[in-house]
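Chain by chain, the residues:
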Amino acid sequence: MKALLVDAEGTLHIGTDRSLDRSIDAEKFAHRQLASGAGVVYGTSALIQDRDGVIWVGTDGGGLYRIVGDEPQSVLAVEAGRNRVSITSLLEDRSGRIWIGTIVNGLIQYDRDTERAVFYRAEPERADGLVSDLIESLAEAADGSVWAGTSEGLCRVDRADDTGTFTCFRPGTGASDLREGYVQALHARPNGSLWVGTRGGLHQLDTEALGEGFTHIGDGESLPGTAVYGILEDADGTLWVSTNGGLAKVEPVTGTVGRHLTLGGGAERSLGGAMVQDAAGRIFVGGSAGLLAFDPDQLASLNPNPPQVVLTEVAVEGQPVEPGPESVLDAAAPVATRLRIRQDQNVVTFTYAGLHYSDPKQNRYRYRLLGDTDEWEDAADAGTRRDKTYDNLSPGK
């Protein structure tokens, strides 16, 4: 499932690689195919509803359609002298222009009144040109600027005339650079911040202070996956981020990565970038394995109390320790109160578990060893790893 839309009447529209489906209850679906006169069926890859209530449909290879009455009408199928248009993303800006991201046709500006299309293609020789013809994502910032996520970086439209000028940010190695150039998801917030999802992580950019560069969100192992496919802001202002390792809840003011939603059976790896929330508060996420639906308020109430954490094993110099009169442990690991090791034994591994059995995959761990560090550290593997090794302990208590 590549595209999702909840229209003004509450109907859910779903774009798949074979059809454009719709449902009023997310249980029963009506199917419709978009096809050429020769019978070629086009997949639906992007959906928006404009200010007049018209639904626009971007397709894989069939260009742009709009739904007139209840019938799809082809609007833009072929770039003059070039190939058919395969669309990845759609955006209506505040002036009513339709922006179209494509796989090989660059960025398109479409005027629905005059039915005129302007194609912006990659021009590497121009300092103010577009950097790639592959446009994956689109967003309009709070100041009205249009941004395009490309396969080579992030670009802002500076002038939208027949030639077009752009300010583009390519990936770099600096602390405030875009870390990876393949920008798969964009989300603009009212405060001027632009959230940027790439194959290499999540970034935040203040569009009113571009000189400050990018802030990297979820550094280390806070996000469940490194590749970000989609970003959705729910009715409460919380961001939900779809990655190759599952969904993450992100607090946009602080950038704190909170709850992870893992699905089990590897299903989280099937999630894509299509995300939408309906009027009832349900969030829908499309993917290669189907449609995921959940209520974020119900998720928050699943386990309001953190699980009790206990030690399950202690190993010294790589060898598990059993309690006993001559042992370094005074009792079994879960109830031990003392660990006494020789001064030449400076490699200790602690294995632990959270006693929460209804959904243990949701548990996330942090640890600290007073005397070694006073700061809490997130466990490895996005907080899920259940052991920690200290390999250079100093003598003392």
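One can find the structure itself at the top, above this paragraph.
Structure report, in brief. (Residues numbered from 1 in each chain as written. Predicted model: local features only at pLDDT ≥ 70, side-chain atom pairs only at ≥ 80, totals over all residues. Heavy atoms only, no water.)

**A look at unusual backbone geometry**
This is how it is decided: Secondary structure counts use DSSP, requiring at least four H or I residues in a row for a helix and at least two E residues in a row for a strand, with both numbered from the N terminus. When a residue's accessible area, from a 1.4 Å probe over protein chains only, is under 20% of the maximum for its type it is buried; when over 50% it is exposed; and in between it is partly exposed.
In this structure, Ala26 takes a positive phi of about 60° despite not being glycine. In this structure, Ala26 sits in the loop between strand S3 (20–23) and strand S4 (30–32). For Ala26, a relative accessible area of 23% gives the class partly exposed. In this structure, Glu115 takes a positive phi of about 60° despite not being glycine. Tracing the backbone shows Glu115 in the loop between strand S13 (107–111) and strand S14 (116–120).

**Re the pattern of salt bridges**
Here is the rule: Salt bridge, as used here: a side-chain nitrogen of Lys or Arg that lies within 4 Å of a carboxyl oxygen of Asp or Glu.
Inspection of the entire model under this criterion finds 21 salt bridges. As a salt-bridge pair, Arg126 and Asp128 come within 2.9 Å of each other at their nearest N and O atoms. The class of Asp128 is partly exposed, set by a relative accessible area of 31%.

**As for the pairing of strand S20 (residues 193–198)**
Worth spelling out the cut-off: DSSP-based pairing: two strands are paired if at least 2 bridges between them are found.
For S20, a buried count of 6 out of 6 residues is recorded, marking the element as mostly surrounded by other parts of the structure. Alternating positions in S20 separate into two faces, Ser193, Trp195 and Gly197 on one and Leu194, Val196 and Thr198 on the other, with burial throughout. Here strand S19 (residues 183–188) folds back onto S20, and the loop between the two strands holds 4 residues, one of which, Gly192, carries a positive phi near 95°. For S20 and strand S21 (residues 201–206), the ladder comprises 6 bridges, and the chain directions are antiparallel. Directly across from Leu194, in S21, lies its bridge partner Leu205.

**Overview of a negative patch on the surface**
The cut-off we apply is this: In this scheme, patches are assembled from residues that exceed 30% relative accessible area and form no salt bridge. Like charges are connected within 9 Å, while nonpolar side chains (Val, Leu, Ile, Met, Phe, Trp, Tyr) are connected within 5 Å. Areas reported here follow the Shrake-Rupley algorithm with a probe of radius 1.4 Å; residue values treat only the protein chains shown as occluding. The positive count covers Lys and Arg only, the negative count covers Asp and Glu only, and His and the chain ends enter neither. We put the charge of a Lys on NZ, of an Arg on CZ, of an Asp on CG and of a Glu on CD.
Residues Asp143, Asp206, Glu208 and Glu212 make up a contiguous surface patch of negative charge. Residue placement: Glu208 occurs in the loop between S21 and strand S22 (214–217).

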